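# Close look at the chain arrangement
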Amino acid sequence: MSRYDRWNAILALLAEEGRLTVEQAAESLDVSTATIRRDFDQLAQQQMLMRTRGGAVSQSVSYDLPLRYKTARHADEKHRIAAAAAELVTPGSVIGMNGGTTTSEVARVLAQRESGFTIVTNALNIAAELAVRQHVKIVVTGGVARPQSYELIGPLAGGILEQVTLDVAFLGVDAIDVELGASAHHEGEASVNHQLVSRAAQVVVVADSSKVGRRAFARICALSDVDTLITDELLSDELAASFTEAGVKVIRAG
């Protein structure tokens, strides 16, 4: 296991447990306690966790980890969600996408298609991955790059978005709730995402079930602005029913 794979695993364990001892992490990852102590110290230096006597605890910043540390979480579910999302795209469509691990996976699935389409995005990683695909036209918004998500945010992004019309917007979110709607941890991301929503004929939220029924700091849009929620099979029947009753089509990708 590489160092970055270990860090992904440590941060995932912390997200679930909130607190982790050196011994617990070493046993879970099958590495030495000395290795875990070094990992804890290095992650603490990057403010990804807080060191304690004999272990580590999560802190608020860990809920907004850089994208590269999130990719291992719910990977299988995100691939199935992406495959289901790609089925909604017809050749020649103009597609809006914000940043995030799930939307990045949607972009990768779409890139494997032979038919042409246009992607409008504020995500630098999506633009970089698809720029070499000759059948994909990439339009990138302006803005200031946010290292945690590779997204361009700020007022410069609005200049492009005001001038485009989207057939469908695939929206990655930090949380989605029946009452609050879709939300994000960072207000700058939420603002640009709201503009994407406003330009789209159809809005599709792509989110694994761990984000459904939750709320985050900054509202992106009301639930009435969302047409479809694509999530995984772990979403409970009760939660699925509440979104359906609110007028949102729910797809549990399996």
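Since this is a predicted model, take the numbers as computed values, not measurements.

### Things to note about helix 4 (residues 75-86)
- With 12 residues, helix 4 should cover 16 Å at 1.5 Å per step; its first-to-last C-alpha distance of 17 Å lies within 8% of that length.
- Glu77, Lys78, Ile81, Ala82, Ala84, Ala85 and Ala86 are the residues of helix 4 that are buried.
- Buried residues in helix 4 make contact with helix 5 (101-111), strand 9 (168-172), strand 12 (203-206), strand 14 (228-232) and strand 15 (249-253).

### Details of helix 3 (residues 33-45)
- For helix 3, with 13 residues, the first-to-last C-alpha span of 18 Å sits near the 18 Å given by 1.5 Å per residue.
- Every buried residue of helix 3 is accounted for by Thr35, Ile36, Asp39, Phe40 and Leu43. Projected down its long axis, helix 3 shows its buried positions confined to an angular sector of 135 degrees, all on one face.

### Brief notes about the environment of Ala200
- With respect to the helices, strands and loops of the structure, Ala200 is situated in the loop between helix 8 (187-198) and strand 12.
- Judged by its relative accessible area of 17%, Ala200 is buried.
- The spacing of Ala200 and Thr165 is 35 residues in sequence and 6.4 Å in space, taken between C-alpha atoms.
- For Ala200, the contacting residues outside a window of four places in its chain are Leu166, Val168 and Ala169.

### A word on the pairing of strand 6 (residues 136-140)
- Where strand 5 (residues 117-121) meets strand 6, 5 bridges bridge the pair, whose relative direction is parallel. Its bridge partner being in strand 6, Ile119 is matched across the sheet by Ile138.
- Since strand 5 and strand 6 lie parallel, the crossover through helix 6 (residues 124-130) that links them has a hand, and here it is right-handed.

### Considering the sheet that holds strand 9
- Spatial ordering of the open sheet is given by 6-5-4-9-12-14-15, a layout of 7 strands whose pairing is parallel. Both outer strands of the open sheet, strand 6 and strand 15, are each paired with one neighbouring strand and no more. With strand direction ignored, the average angle separating the axes of adjacent strands in the sheet is 20 degrees.
- For strand 9 and strand 12, the ladder comprises 4 bridges, and the chain directions are parallel. The residue of strand 12 that forms the bridge with Gly172 is Val206.
- Packed on one face of the sheet, helix 5 meets strand 4 (94-97), strand 5, strand 9 and strand 12 and runs near 150 degrees to strand 4.
- Its contacts with the sheet place helix 8 against strand 4, strand 5, strand 9 and strand 12, and it is angled at close to 155 degrees to strand 9.

### Brief notes about the sheet that holds strand 3 (residues 55-57)
- A sheet is described by the order of its strands in space; here 3 strands give the open sequence 1-3-2, paired in antiparallel fashion. Because the sheet does not close on itself, it has two edges, and the strands there are strand 1 (19-21) and strand 2 (50-52). Across this sheet, the average inter-strand angle for adjacent strands is 25 degrees, counted without regard to direction.
- Where strand 1 meets strand 3, 3 bridges bridge the pair, whose relative direction is antiparallel. Each residue of the ladder has a partner; that of Arg19, found in strand 3, is Val57.
- On top of the sheet, helix 2 (residues 22-29) reaches strand 1 and strand 3; it is set at about 80 degrees to strand 1, its chief contact.
- Sheet strands touched by helix 3: strand 1, strand 2 and strand 3. Its angle to strand 2, the strand with the most contacts, is close to 135 degrees.

### Points about the nonpolar core
- With 31 residues, the main nonpolar core has Val173, Ile176, Val205 and Ile220 as its most contacted residues.
- Residues within four places of Val173 in sequence aside, it is in contact with Ala182, Ser183, Val205, Val206, Ala207, Lys211 and Ile220.
- Core analysis: the second largest hydrophobic core is formed by 25 residues, Met97, Ala107, Leu130 and Val204 among them.

### Some remarks on the packing of helix 4 against helix 5
- Packing of helix 4 against helix 5 brings their axes to within 8 Å, and their N-to-C directions diverge by 55 degrees. Judged by the angle between their axes, helix 4 and helix 5 are oblique. Regarding helix 4 and helix 5, the two cross each other, and that crossing is right-handed. Listed contacts from helix 5 to Lys78, His79, Ile81, Ala82, Ala83, Ala85 and Ala86 of helix 4 are Thr101, Thr102, Glu105, Val106, Val109 and Leu110.
- Here the residues of the contact of helix 4 with helix 5 sort into 8 nonpolar, 3 polar and 2 charged.

So, how was this worked out
- For every chain, the first residue of the written sequence is number 1, and numbering continues from 1 along that sequence.
- Note on the predicted model: pLDDT of at least 70 is required for a residue's local features to be given, and 80 or more for side-chain atom pairs to be given and counted; whole-chain, interface and lining totals, by contrast, use all residues.
- To obtain the side-chain values, all non-hydrogen atoms of the structure were used and water was disregarded.
- Strands here are runs of E lasting at least two residues and helices are runs of H or I lasting at least four, both read from the DSSP assignment and numbered beginning at the N terminus.
- Under the convention used throughout, the expected extent of a helix is 1.5 Å for every residue step, that is, one less than its residue count.
- The buried label applies to any residue whose accessible area, calculated with a 1.4 Å probe on protein chains only, is under 20% of its type's maximum; exposed applies above 50%, and partly exposed to all values in between.
- In what follows, a contact means two residues having at least one pair of non-hydrogen atoms within 4.5 Å.
- Note that the arc is defined by the directions from the helix axis to the C-beta atoms.
- A pair of strands is labelled paired if DSSP reports no fewer than 2 bridges between them.
- A crossover counts as right-handed when, viewed with the strands pointing away from the observer, the path leading from the first strand over the helix to the second turns clockwise.
- To obtain each axis, a line is fitted to C-alpha atoms, and for helices this fit is confined to the stretch in contact; angles are then taken between N-to-C directions over 0 to 180 degrees.
- Among buried residues, those of type Ala, Val, Leu, Ile, Met, Phe, Trp, Tyr and Cys that are joined through side-chain atoms within 4.5 Å constitute a nonpolar core.
- By the definition adopted for this analysis, an angle is roughly parallel if under 35 degrees, roughly antiparallel if over 145, roughly perpendicular if from 65 to 115, and oblique otherwise.
- Crossing handedness: left-handed means the near helix sits turned counterclockwise from the far one by under a right angle, and right-handed means the same turn made clockwise.
- Gly is put with the polar residues, along with every residue not named as nonpolar or charged; the nonpolar set is Ala, Val, Leu, Ile, Met, Phe, Trp, Tyr, Cys and Pro, and the charged set is Asp, Glu, Lys and Arg.

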